[in-house]
Amino acid sequence: MEPWVELNNRYVSYTAPWKNCYFFHAAHSKPDFLTDDLIKKTKASIIEKGHYQDPVLALKEVASAASVDLTSDDLEAIASLMHENGTRWLKERLDDASSSHLKPADLQDDILMAKRRVRDELVKRRVPEDKASDMADMWCSRAPVELQGRMIGHWSISACPWLYDKQRDAIKEKGVVDFFNKGNSWVDKVITQEQGWSVLSKLRKRTWLHTGNTLIGPKAGAMTAGIGPGFRKPDAVLMDDTRPIESIEWTDIISALEIKYRNTKGLMDEATKRMSEIGRLILTNQVNRRYFVGLLLLGADLYACVYTRGGSSITTPIDIYRDSDDFLNCMSWFKHADLEFLGYDKSITRDDRGFKMALKGDAESARGAMADITSVIYNSNSAIGRSTRIMGLTHRPSHTQTDYLIVKDVWQDVRLASDGEIHKLLEDSGRITRTQTLLGSMFPDRISKTPEEVKLTEELFQSWGARPEWDNLGAEGMHPWHLPIRDNRFSVDALQMTDGINGRQVVDSVPVILKEMTAASDPLIHYRTVFRTSAIKCTWFSCRRHLEACRRGIMHRDTSDGNVWFWVPQTDPKYAVPEWYLSSQSGVPHFATLEVPAPWFPKRPGMTGDFGLGLNLLDKDGAANAITTT
């Protein structure tokens, strides 16, 4: 596999054969009713109704009429050769801006040349020359006017706009989108005919919508400017419902389609750039999205694109004129596949009231636990790498008890310890003595809380309505001061996903998602760490967390103004971190919610409590005791 385009100095999209995109083919990544036999029956029905012209079938009928016995491989080879010659000629006419309609004399010469080529191919397969000439005449005469004497597989103009012309307006785009939906309706009809009306409950109602003239933006309230970062006009989007187009947000979009009227390097570069931007916007706006799958249509060439946090892939194209089976299968997959294989997180569900998260844990109290996602405190703008997202949760273990929790969702490099593992080490106060022995005179002294810190801590506890047992102002305690406290009811293990090939539950990771679709990817694993503390004031934490961690033998390694904790008294929307935007008058960043005191916040919203790059100093064989370059 070769790199297609370098998005930055560490993130490359690789090309992969269409067949390597296992989503469309693997037994467990597509619905059980979407079989090869079903697609073949759908194609036969479409051909019978005149929606598709199949050159292989036409050549087979000509051979049968001439009493010539040709194998299926022979028929496929001849039809494929003529299709490639025909499409090459049509593309060249677009490239050099020539008229797609030939003069009568030139057209006649080209038709004679095509017939001779077909005759020669038949003679190679031991067909008598006179019969070969008759078969070539009969077969090539079936080519419609649009093909100018070329015999290629194609969809009827009534079903799909002609894709080998220079038309590039919204009317043609809408026609293509309607054609995609027609393809799904044809397959759905055969499904109900084969399996009866009982299968209707399994059929999704997803629809492709033309949005080429619609500006889609972030979730309402996430951006105060009318137009700016986060706004795009995808040519088409896949939706679960048919809500008014003007109300669509990135949070609603399942997939997207970019359309170009022909396939050139320049247009391909433009299309892949736009699709990567759409992928980033969907990954950053949807709290329940793990990866994104989109489509590019350049002329008749259809590409699938897969974007993850640690690598991406663009397939080689299928020709939707020739590869009609693959096209119908692809469209049906997008409509009916389980959302997990379209990149959604199965542990987060959405209803009319918002999002709920399943909390994983080994303890009896954690089994089947669900929490409401009440706010997104921090959301990384990058869809590449760790992509840290901090969310506020409300968990009700009983009718009389409510827990306010913070969850850190991150894609962690497998070569580094996870946040949960690091915090388990921080909870071991016995490490203080061992670290003092290791560091000797370099061991940092403990810094006591100032009167102001004691006062603010008391205010924080009062806002919670209870004093947590883990905080002891007068003793060393199990947990270091100024650090968030992990909720040990919930597991620190990685999240799970369904393997599309074997159906087993496996670790949710970039390499498992991409499989053979890329030559290289970042080894990122999906983790969540749940904390009982909402947060503490950033002016404490940014200075003290490194000291307290070092006293327990943990080197943080990643100090920046973005890696701080915000003081959020509880997980309620009114305490959410305010958004930033550029002033239209001065161009200077300032707060959208001006009533929030500015001193509470750093230069930019930060990644709360990020120990994802932490190293264990007490591990003699670990990275902390090896030569590290940065």
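See the structure printed just above.
Here is a short report on the structure shown in this document. (Residues numbered from 1 in each chain as written. Predicted model: local features only at pLDDT ≥ 70, side-chain atom pairs only at ≥ 80, totals over all residues. Heavy atoms only, no water.)

Here's the deal with the overall build of the protein chain
Stated formally: A run of H or I in DSSP counts as a helix once it spans at least four residues, and a run of E counts as a strand once it spans at least two, with each numbered from the N terminus. Only protein chains enter the accessibility calculation, which uses a 1.4 Å probe; a residue whose area is less than 20% of its type maximum is buried, one above 50% is exposed, and one in between is partly exposed. Note on definitions: a residue-residue contact is assigned when non-hydrogen atoms from the two residues lie within 4.5 Å. Surface accessibility follows the Shrake-Rupley procedure with a 1.4 Å probe radius. Residue values consider only the protein chains on display as shielding.
Helices and strands together make up the secondary structure of the protein chain, namely 13 helices and 23 strands. Sorting the 630 residues of the protein chain into buried and exposed places 53% on the buried side. Within the protein chain, contacts between residues separated by at least 24 positions form 67% of all contacts whose residues are at least 6 apart in sequence. As displayed, the protein chain has an accessible area near 29,000 Å², and 51% of this comes from carbon and sulfur atoms.

Things to note about unusual backbone geometry
Not every positive phi belongs to a glycine, and S67 is a case in point at roughly 55 degrees. Secondary-structure assignment places S67 in the loop between α2 (55–65) and α3 (72–95). For S67, a relative accessible area of 61% corresponds to the exposed category. Here K515, not a glycine, exhibits a phi torsion of approximately 50 degrees, which is positive. When you line up the elements, K515 lands in the loop between α12 (510–514) and β19 (524–531). Judged by relative accessible area, K515 falls into the partly exposed class, the value being 25%.

Quick notes on the packing of α2 against helix α5 (residues 129–140)
Using the following cut-off: Note on definitions: angles span 0 to 180 degrees between N-to-C directions of axes, and those axes are lines fitted to C-alpha atoms, for helices only across the stretch in contact. Throughout this description, any angle smaller than 35 degrees is read as roughly parallel, any larger than 145 degrees as roughly antiparallel, any in the 65 to 115 degree range as roughly perpendicular, and the remainder as oblique. It is the rotation of the near helix from the far one that decides the hand of a crossing: anticlockwise by less than a right angle makes it left-handed, clockwise makes it right-handed. Under the scheme applied, nonpolar residues are Ala, Val, Leu, Ile, Met, Phe, Trp, Tyr, Cys and Pro; charged residues are Asp, Glu, Lys and Arg; polar residues are all the others, including Gly.
The interhelical angle for the contact between α2 and α5, taken along N-to-C directions, is 140 degrees, at an axis separation of 10 Å. Classified by the angle between their axes, α2 and α5 sit oblique to one another. Crossing hand, α2 versus α5: right-handed. Across the interface between the two elements, P55, A58, L59, V62, A63 and A65 of α2 pack against M135, M138 and W139 of α5. Residue composition of the contact of α2 with α5, grouped by class: 9 nonpolar, no polar and no charged.

Looking at the state of the cysteines
So the rule is basically this: Criterion for a disulfide: a pair of cysteine sulfur atoms within 2.5 Å.
The final tally for this structure, using the stated rule, is 0 disulfides. Of all cysteine sulfurs, the one in C21 lies closest to C330, which takes part in no disulfide; the gap is 7.9 Å.

Brief notes about the pairing of strand β16 (residues 401–413)
Condition: Between any two strands, at least two bridges found by DSSP are needed for them to pair.
Buried residues dominate β16, accounting for 10 of its 13 residues. Here strand β15 (residues 389–398) folds back onto β16, and the loop between the two strands holds 2 residues. Where β16 meets β19, 8 bridges bridge the pair, whose relative direction is antiparallel. Within β19, the residue paired with D413 across the bridge is L524.

Focus: the side chain of E121
Looking at the secondary structure, you find E121 in helix α4 (residues 104–124). For E121, a relative accessible area of 13% gives the class buried. When near neighbours in sequence (up to four residues on either side) are disregarded, E121 contacts I78 and L81.

Describing the environment of D325
Within the fold, D325 resides in helix α8 (residues 324–336). Judged by relative accessible area, D325 falls into the partly exposed class, the value being 26%. With 283 residues separating them in the primary sequence, D325 and T42 have C-alpha atoms 8.9 Å apart. Residue contacts for D325: discarding those within four places in its chain leaves I39, K40 and K43.

Examining the pattern of salt bridges
Threshold: Here, a salt bridge means any Lys or Arg side-chain nitrogen found within 4 Å of an Asp or Glu carboxyl oxygen.
Taken as a whole and judged by the stated rule, the model has 30 salt bridges. The partner of R322 in a salt bridge is D323, and the shortest N-O contact between them spans 3.4 Å. For R528, the salt bridge is made with D409, and the minimal N-O distance between the two is 2.7 Å. One end of the pair, R528, is in strand β19; the other, D409, is in strand β16, with 119 residues separating them in the sequence. In terms of burial, R528 and D409 fall into one category: buried. Among the ionic contacts, a cluster of salt bridges with common partners joins D74, E121, K124 and R125.

Points about the sheet that holds strand β12 (residues 348–351)
In spatial order, the strands read β12-β13-β14-β15-β16-β19; together these 6 strands make up an open sheet with antiparallel pairing. What marks the edges here is a single partner per strand, and that holds for β12 and β19. Pairs of neighbouring strands in the sheet enclose a mean axial angle of 35 degrees, with direction left out of account. As judged from the 7 bridges shared by strand β14 (residues 369–379) and β15, these two strands associate in the antiparallel manner. Directly across from A371, in β15, lies its bridge partner H395.

Concerning the environment of R125
Here R125 is to be found in the loop between α4 and α5. Sequence separation between R125 and L70 is 55 residues; the distance between their C-alpha atoms is 8.1 Å. With residues near it in sequence (within four places) discarded, R125 still touches L70, D74, A77 and I78.

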